[in-house]
Each structure stands twice: as C-alpha cells, then as structure tokens.
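So the chains spell out like this:
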Amino acid sequence: MTYNHKAIEKKWQAAWDAKKTFKVTESSKKKKYILEMFPYPSGSGLHMGHALNYTIGDIFARFQRMLGFNILYPIGYDALGLPAENAAIKAKSHPKKFTDDAIKNFITQQKALGLSYDWSRVLRTCDVEYYKWNQYFFLKLFEKDLVYRKNAPVNWCSECNTVLANEQVHSGMCWRHASTPVVIKQLEQWFIKTTAYADELLDTIPKLDWPDRIKSMQENWIGKSFGTEINFLINDKSWKIFTTRPDTLFGVTFMVISAQHSQLMDLVTAEQKPTVEKFLHKIHSTSDADLDVLEKDGVFTGSYAIHPITEEKIPIWAGNFVIAEYGSGMVMAVPAHDQRDFEFAKKYEISIKVVIQPGAKEVDPEDMDSAFVNDGVLVNSGKFDGLKKDVAIEEITTFLDKQKMGKKAVQYKLRDWLVSRQRYWGTPIPIVYCDDCGVLPVLEKDLPIVLPEKVKFGEGNPLASNEEFVNTSCPKCKGKARRETDTMDTFFDSSWYFLRYTDNLNKKLPFDKKKGNYWMPVDVYIGGAEHACMHLMYARFFTKALRDLGFVKCDEPFTKLFNQGMLHGEDGHVMAKSRGNVINPLDITKQVGADALRLFLVSVAAPDKDFAWSSSGLESIAKIIKRIPLLFENLKLGNSNKKVESKINKAIKEISEDITSFDYNLAVIKLRKLIEDFSQVDEMAKADAESFLKIFHPFCPHLTEELWGKIGNKPFISLADWPKCNEKKIDKKFEQEEELISKTQRDIVHVKGLLKLEKPKVYIYCIPPEVKIFEEQQEFLTSVTGSKFVKVFASNAKDIVDPEKKAKKAKPGRPSIYLE
RNA sequence: GCGGGAAUGCCGGAGUGGUCAAACGGGCUGGGUUUAGGACCCAGUAGCUUAGUGCUUACCUAGGUUCGAGUCCUAGUUCCCGCACCA
C-alpha cells in the first residue's frame, strides 16, 4: 500500500463531518471540557502557532474522549475588533465581509488539521445572536452597580483612535502598537468594577493549576499592599495619605501630589500658578518620549499640609513620579528612608530628617548618598523613639487610629476595567442619554441594539455620525434621546464565550444554567501566555460576577491552564513575515500530511517549551509515519508472542502517562520505538494491533482511522476505547534479554569491523543461565551479524572452544566473545 | 528595583534522590549501498584503555544535607520572561 496522505486525510475529514462524530450533549458520563483560546480571525489566516495550539488541544481531547469522558471540545471566533475594521477601511471593504471571509478561511485550515471539534457549537462574536448577550450582561452588571460612568484620566492610543484599559497598556505603549505611546486624556468613560473582586481574584490564585509565571503575573497585577492611611490637613480639608511606612512619619519633610491629579490646581496658590503650569506643560510634552529614563521632576505648589502629630507645616510639591490613580494620588515624602524621595529632596534641596538609625551612632543626613530603607531603631520620633521598625509600624498606626488621625488600610494596583471604545466594529453599549431623564440603561426587552451595517468610515466613530442609530427614544419618558455610540472592548466578548459554547443556540438565554453547570469549569485551557493580565483576568472576574448573579456555580473558569511554547522559524527567530521565515500549516499538510505535521509539532520539545521549526525534523517524522502502513501490510493477525504483548502493554502505560502530563514529546519517542520494534514482527493478535493504532490515534488520527478499517473494524477509532494496560504482561525479563542480545550484537559487529573480517566464526561465552537466551536468538544474531557461524558456550562448558581464553571474562548481562 | 523561570555533549532536548547521566532527534565523521547526487543501512562523536569488555572525568560556580544529588538546601554568576517610580 502506498501511503497517500492526501486521499486518506480528505476521506476521514469528510467522514467525521458527515457523521458529526464529535458532536456532544450532556449525559450521565463524566465530562471534560477542553478548550483552546479562540482565535482572532485575521486576514492572513492560520499560522503555525495556531496549528501547534490546536494540535496540543486535539491530542488531549482525543485521548480523553477515548478514555470515556464526555468531551466538550468547541471552537469559535473572536470576530469583533479593531484590526478587521482597519483592514476593511484600507481595502475599502466592510468589516463584516472581511471577517466572514477570514473565518471561512480559518475553518478550512482547521479542518485540514483533523481537529475533533464539535462543529455544531461554533460561535462568532460578531453575530448579533452572540453580542446581544454582551449587552444583556452589561445591563446585569449595571443593575449590580458593577458598571459605572466616570470622568477620569484615561489611556488613549492615537493609532487605534480609542481609549484603552490599563491591562492593554504595555510599558507605556499600546498593546497593539508597540511603538505608539499611550497618552493620558481626561474623558467620560464606562468602567467595570473589577476592583470589587480584587480580593477574591487574588486569594483564589494559589488554588489554580496554572503555570507559576502566569499566577505571579496576576498577583503582581492585582498588587495588594497593606499599610496605613494617615490624615493630613490641607487647607482645612483632610487628605488620606496611604503609606506602608508609618514608622517614618516623623521624617516627613514634604508631600508630593501627582502632576495628573484632578485636584492639583486647587492646591496651587496664585503666586505659584505660572510655575506649576509651566511644569505641567513640560511633562506633557516629554511624556511621549523617553518614558523609562524619566528623571524625577517637580515644583512647589505653594500649599502646606499639617503634620498630624507634630503639627508642623509641610510643603506640598507636584511631581511627575506619583501616580494619580493609586492611593490618594499624593504621598508623604520621607527622603531619609525612601530612595525616590531622597533623590527628589537632593535635587530641590529639601531637608532630610533621619528617623530610623541602623546602629547606636547618629547618622548625619549630609553623609548619606542614598536612602536608608532597612531595619533599625526609631529616633527623632517623640515618644516612639527606641522602637524597632516593625513594632513602630504597629504602634504608630494604633496611636493614629485612637486619635482618629489614621487607620490600617489596603491598596491595590488593579484598577477598574475601562470598557468603552470609540470604534465601530464592536458591541454597542446599551445605554441611552435623555436630556430630561439622564443616563439610562436600555430595557432588556429592547435588546439587541443591532450594530448598523451601513455606516461611513473615515471620520471618527462611524456610529456617532449615523443619525438612524443615534436617535432613539427615552426608555423612561419616551421623549427624544440619543444612543451611546461607544462600543465595548472586545475583551468583554471573550470574557464569557466559554459559557456560550455550553448552549450556543439558546435564543432565550445566554446559556441554560443546567448546561452551563454541567460543563463548567473548563478543565484544560490551552493558549499563549500573552493574555496573563488581560483576557485571563477579565474572564476570571466575569465568572465570579456571573456566579454572584446566579448564572453559574463555579468560582473559576479555567481549572488548568496550559501555555504552549513559542514557535520559532528555522533561523531561530520568531516566525514573522518580515523575516521571511514563516511556514504555512496548509502547505505542510499538503506536502507531508496533517498527521505528519501534528506529530512533528509535538515531537521536538515539550509543548510548553519554545522550539524552532526544522524541515529535516519534519522529514524524519514523515518517514516514520510512512512505515506504519507498510508494517500493517505485512502483518498477519493471529497471535502475539510474549514479547509483543510486553511491548504493547508497556507502551500503553507509558504513553497514557505522557499524554496525561502533556509530555507529548516523550510519548512520540515511545511511539517511534514501538514502530521499530514492530517492524520485526510479522504476526500479532488483532487486539494488540488495535491497541497500537489506538495509542497512535491522538497524534495521527487520519492514518489510524484508515488502518482501523483495514484490519476489519467499523468506523470510528476516534470513538473507540483507549486500551487498558495489562501490567502482568509487561515482562522486564524480555527487556533485559533484548538488551543482552543487542549489546552482544553491537560487540560482534564492532569487532568484526575492527578486524575487517568478512564472514567470521563467532563464539559467544556467557554465564550458564544465559545460554538459553542466546540459543533462542541464534537465528537473529546470525542474520544481523552477517555471520553464519555462531556458537554459544556456557563459560564453564566442557566442550568449549576458546583459543584466546575469553570465556572467563563473561559476566552476567555481558558475555565475552571471540571472532576468527 | 520587584516578581517568575532557566543553566546538561557540536546543537535541540530527556533525565527531578539510587539498578546505566546524555533517551530521542538533528549535525558532523567513517563505512556499506549507489553511475553520481539524494534516499537508505551500520558504526563513531569527553579522555585513557581493551579485538568488544574496562577505567577516569563530566550535568554554570562554591559550599551544604544524605549511605547516595544533575535532581534537595544556601550563596553567587549568567541568561530569558513579566511588571516597572504602586508610596
């Protein structure tokens, strides 16, 4: 049989499609929900990273399905979003057409990989049947006060022409445009109160079966810190200033308010106004460039704060290094014990007061060349002198609390999720503005707010200029009103799509609770690490919020997270068009087949490690695969000898373990070995041949379906039971014997080569118990060594022929040999 | 600066307390086969040694725990990733 991968793969892909082989419904069986991060359908189609992602998932899904689990393994498309809109504008097309085409292309390519998705559950976020539930959830969150509108300084990307959430700003740049700095704008925007769940989002992290890296990234992102809130009186108004170092309270010599603070101008005196304005102008114009080498900069505001204990007057400065949104946007500066404050004080010649001393000797601030931040004992701190740092933190906080001048407090870095976007290709936010009634949510019965298809691109947000869309009536007074023209961040779509898969055709509800609770949570979620603090954070928040709204029972959406490694080009660099090292999955499936591509992708390295494409590696895998049909062609189905039984059972055991732990690369090694072992075998039991195909199946589904039929089975091996390992049949003795024979064989061949003997006489001297093994294998040894004369002696045999006295060297597991 | 991860042959990578470190793949070298090239097959690829056997040295560095460590602990070096003036 010649192996025609094209015909075989096409045949089985069509068969799976026609028979809906992988369609699932809820049942009494134990479920497993296996999911890959759904793709953004870009115009350039599926790339090799996608192929790797889906192969990892499909192998696992096929394996678990054969183990007898009820497997939900769906796919969908994250189809709304900016790139489609921009691409459509450029091509003078429409995002809808553009997206439809891209999705069709994706589906073709995914089917060519032989992925076992339940294609009846496909969802597209750009369909109104999907995004109307975005609007529904928006309203539900609104009812729960988890959505609010606020005028705030927000991140703006001039390339995207829209605002961004904090999570979408990476090192001061837009997440889509690494060279476009984000600018701060003061705008009225919609926010989702993710911070309401900050504690739970943080506390449940340790329970997640996720990579440590991702978990720590989320922990850092939430950034919980414990400290003290201290009241400083400023112009007769009390300001709550957060600090983690209340022990240094007596060392405060100035305050710094953020240059972006909304109330900054209230503190600026008439006299200082020109200076401050000049300063603000300066930081505004420099904020775009050199963000990371920004020097500490500031000006005096003219105002003073009153120290809560000493009642001293403390000058308030405005500074570029204080974050407006964190704490109260103002810090108490202790230059002696904080490096940033120290640098600022040195620059502007503000006094430095030491209040913590490392030893008995007094420290002169003049001698300091950096802040002292370690443990020590309090000095110059009134009645708190002599206390150790940690004790002082407690005591000063308690004292402030009693005096009603402060209290213990907790701060987070996590900020609320800014969800409105000033772009067209997204879910319209279901809000109406009425001059008389104010800002009102759309009534649930009036959903969906359909995204109009006929719009003009090119001048700002196309929705804003669409009269038909904008003009509406007030849900309360029925008078004239305007629609919100902002759309939702597309991360809103991806925050719950995994729930929609559980009941994707439901017209009355986002999903049926019973179905949701049957399938959720996702048992294994597979995808790249780039979403650590974006999608994965939002999805966790959403799940918790929906739980509290009564939609689902689970606390966390993704029990296990698996991060695939990065795929590099053959030159070692990241695969990129600009480098010209891109390999198209579809080309490879045409050349060597999907089975070969799949097997290769998981054979180079563990799937969570980075690796580079290798065309020779692919070829070697393609060759191995070709040997399988040959093996079956020459195979007689009858009885297996003990050796075959041992090998197959060992392989079942090891490969099951390897797939379970995602060590696919190790499973591939064992599969290769099995092919080599079995290429010597001309007869085996049908059950063993079946087992062989089954353990190969998750990796090479098409070829194994084909051979499954060839040995007389009805379709589908895809739905067959995973073989059970019979441990009793695994015989270590065979392994040892084999080792013995192969070592001996190597020795013979080696010596033969060294002596340049064509057809030598071979004498083997082994310990007596091993004689039998060699005698059984004599035929084999004869054939592989090319020598017809092979004699085996026990080392103590009486009739021994041993001209060189080699026999006494024989050891267990290692015979001695003589060639002549 | 803070946090996470890693360091094994020429290369990619196995191996997480013990019967053998380097499986498996690639590369390279030699041999076979071949009109040639490719493909295929065999062997070698730390050092010394033996016709094969055998011995020694080796898992970033330095200490430590242990009968026993690539594997655990401590310190350091280097690299990768993430966050970055979070008070």
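Residues numbered from 1 in each chain as written. Chains lettered and ligands numbered in written order. Predicted model: local features only at pLDDT ≥ 70, side-chain atom pairs only at ≥ 80, totals over all residues. Heavy atoms only, no water.

### Description of the protein's contact with RNA strand B
Line of reasoning, step 1. Not every one of the 46 residues close to RNA strand B is listed here, only the nearest: Lys296, Arg340, Lys623, Asp747 and Lys806.
Line of reasoning, step 2. The sugar-phosphate portion of RNA strand B accounts for 59% of its atoms within 4 Å of the protein, the bases making up the rest.
Line of reasoning, step 3. One of the side-chain N or O atoms of Ser216 is found 3.3 Å from a sugar or linking oxygen in RNA strand B.
Line of reasoning, step 4. Thr244 places a main-chain nitrogen or oxygen 2.5 Å from a sugar or linking oxygen of RNA strand B.
Line of reasoning, step 5. Top contributing element to the surface near RNA strand B by residue count: helix H24 (residues 732-755), with 7 residues. (Near = heavy atom within 4 Å. Polar contact = N/O pair within 3.5 Å; in protein donor to acceptor, adjacent residues only side chain to side chain. Helix = DSSP H or I, 4+ residues; strand = E, 2+ residues; numbered from the N terminus.)

### Some thoughts on helix H5 (residues 128-143)
Line of reasoning, step 1. Along its 16 residues, H5 runs 22 Å from first to last C-alpha, staying within 8% of the 22 Å computed at 1.5 Å per residue.
Line of reasoning, step 2. Immediately downstream of H5, the backbone of Asp145 shows phi near 60°, a positive value. (Expected span 1.5 Å × (residues − 1).)

### Describing the sheet that holds strand E9 (residues 183-192)
Line of reasoning, step 1. The sheet built from 4 strands is open, its strands ordered E6-E5-E9-E19 with antiparallel pairing. This sheet does not close on itself; its edge strands, each paired only once, are strand E6 (162-164) and strand E19 (417-418).
Line of reasoning, step 2. Bridge count between E9 and E19: 2 bridges; the pairing is antiparallel. Its bridge partner lying in E19, Ile192 is registered against Trp417. (Pairing = 2+ DSSP bridges.)

### Topic: the side chain of Lys694
Line of reasoning, step 1. For Lys694, the location among the structural elements is in helix H22 (residues 686-696).
Line of reasoning, step 2. Buried charge without a partner: Lys694 forms no salt bridge, and the closest opposite charge is Glu690, 4.8 Å away.
Line of reasoning, step 3. Engagement of the side chain of Lys694 in a polar contact is seen with the backbone oxygen of Asp721, the distance being 3.0 Å.
Line of reasoning, step 4. Dropping the residues within four chain positions of it, Lys694 is found in contact with Met66, Trp708, Ile717, Ala720, Asp721, Trp722 and Pro723. (Buried < 20%, exposed > 50% of the residue type's maximum accessible area, 1.4 Å probe, protein only. Lys, Arg positive; Asp, Glu negative; His and termini not counted. Salt bridge = Lys/Arg side-chain N within 4 Å of Asp/Glu carboxyl O. Contact = heavy atoms within 4.5 Å.)

### Description of helix H16 (residues 535-548)
Line of reasoning, step 1. If you check H16, its first and last C-alpha atoms are 20 Å apart, about what 14 residues at 1.5 Å a residue would give, namely 20 Å.
Line of reasoning, step 2. A large share of H16 lies buried, amounting to 13 of its 14 residues.
Line of reasoning, step 3. Once H16 finishes, Gly550 follows within two positions and takes phi at roughly 90°, a positive value.

### With respect to the nonpolar core
Line of reasoning, step 1. Counting residues in hydrophobic clusters, the biggest one holds 171 residues, and the most contacted among them are Phe492, Tyr497, Phe498, Phe632, Phe692 and Phe699.
Line of reasoning, step 2. At 10 residues, helix H2 (residues 48-66) tops the list of elements feeding residues into this core.
Line of reasoning, step 3. Residues within four places of Tyr497 in sequence aside, it is in contact with Leu35, Glu36, Met37, Phe38, Leu123, Tyr130, Tyr525 and His535. (Core = buried A, V, L, I, M, F, W, Y, C linked by side-chain atoms within 4.5 Å.)

### Digging into the environment of Glu36
Line of reasoning, step 1. Looking at the secondary structure, you find Glu36 in strand E1 (residues 31-36).
Line of reasoning, step 2. Since its relative accessible area comes to 1%, Glu36 is described here as buried.
Line of reasoning, step 3. In this structure, the C-alpha to C-alpha distance between Glu36 and Leu561, residues 525 residues apart in sequence, is 9.8 Å.
Line of reasoning, step 4. Residues in contact with Glu36, not counting those within four places in the same chain, are Asn53, Tyr54, Gly57, Asp58, Tyr73, Ile75, Tyr117, Tyr497, Tyr525 and Ile526.
Line of reasoning, step 5. Here Tyr73 takes part through its side chain, which lies 2.3 Å from a polar atom of the side chain of Glu36.

### Some words on the pattern of salt bridges
Should their charged atoms come close, side chains of opposite charge can pair.
Line of reasoning, step 1. Here the structure, examined in full by the defined rule, presents 41 salt bridges.
Line of reasoning, step 2. When the shortest N-O distance is used, the salt bridge between Lys515 and Asp503 registers 3.5 Å. Residue Lys515 is located in helix H15 (residues 513-519), and its partner Asp503 is located in the loop between helix H14 (497-500) and H15; the two are separated by 12 residues in the primary sequence.
Line of reasoning, step 3. Residue classification places Lys515 among the partly exposed residues on the basis of a relative accessible area of 29%.
Line of reasoning, step 4. For Glu645, the salt bridge is made with Lys729, and the minimal N-O distance between the two is 3.2 Å. With a gap of 84 residues between them, Glu645 in helix H20 (residues 642-660) and Lys729 in the loop between helix H23 (701-710) and H24 connect regions that are remote in the sequence.
Line of reasoning, step 5. The class for Lys729 is partly exposed, based on a relative accessible area of 33%.
Line of reasoning, step 6. If you follow the salt bridges from partner to partner, you end up with Glu200, Arg540, Lys544, Arg547, Asp548, Asp555 and Glu556 in one network.

### A short note on the packing of aromatic side chains
Line of reasoning, step 1. The tally for this structure, following the rule as stated, stands at 55 aromatic pairs.
Line of reasoning, step 2. Plain terms: the ring middles of Trp12 and Phe716 are 6.1 Å apart, the flat faces sit at 80° to each other, and that makes the pair edge-to-face. Separated by 704 residues along the polypeptide, Trp12 in helix H1 (residues 5-18) and Phe716 in the loop between H23 and H24 bring together distant segments of the chain. Each member of the pair, Trp12 as well as Phe716, carries the same accessibility label: buried.
Line of reasoning, step 3. Taking 6.0 Å as the distance between ring centres and 15° as the angle between the ring planes, the aromatic pair formed by Tyr765 and Phe793 counts as stacked. Of this pair, Tyr765 sits in strand E32 (residues 761-766) while Phe793 sits in strand E33 (residues 789-794), placing them 28 residues apart in sequence. Comparing Tyr765 with Phe793 shows no difference in burial state: the two are buried.
Line of reasoning, step 4. Over the ring of Trp156 we find Lys185, and its NZ or CZ is 4.0 Å from the ring centre. (Phe/Tyr/Trp six-rings, centres within 6.5 Å; stacked < 30°, edge-to-face > 60°. Lys NZ or Arg CZ within 6 Å of the ring centre and 35° of its normal.)

### Structural notes on the environment of Val602
Line of reasoning, step 1. Within the element layout of this structure, Val602 appears in the loop between helix H18 (594-601) and strand E29 (611-612).
Line of reasoning, step 2. When the C-alpha positions of Val602 and Asn584 are compared, they lie 17 Å apart, and in sequence the two are 18 residues distant.
Line of reasoning, step 3. Contacts of Val602, omitting those with residues within four sequence positions, involve Thr55, Ile59, Tyr664, Asn665, Val668 and Phe699.

### Focus: the state of the cysteines
Line of reasoning, step 1. Enumeration according to the criterion identifies 0 disulfides in this entry.
Line of reasoning, step 2. Cys126 takes part in no disulfide bond, and the closest cysteine sulfur, belonging to Cys160, lies 19 Å away.
Line of reasoning, step 3. Under the relative-accessibility criterion, Cys126 is labelled buried at 12%. (Disulfide = S-S within 2.5 Å.)

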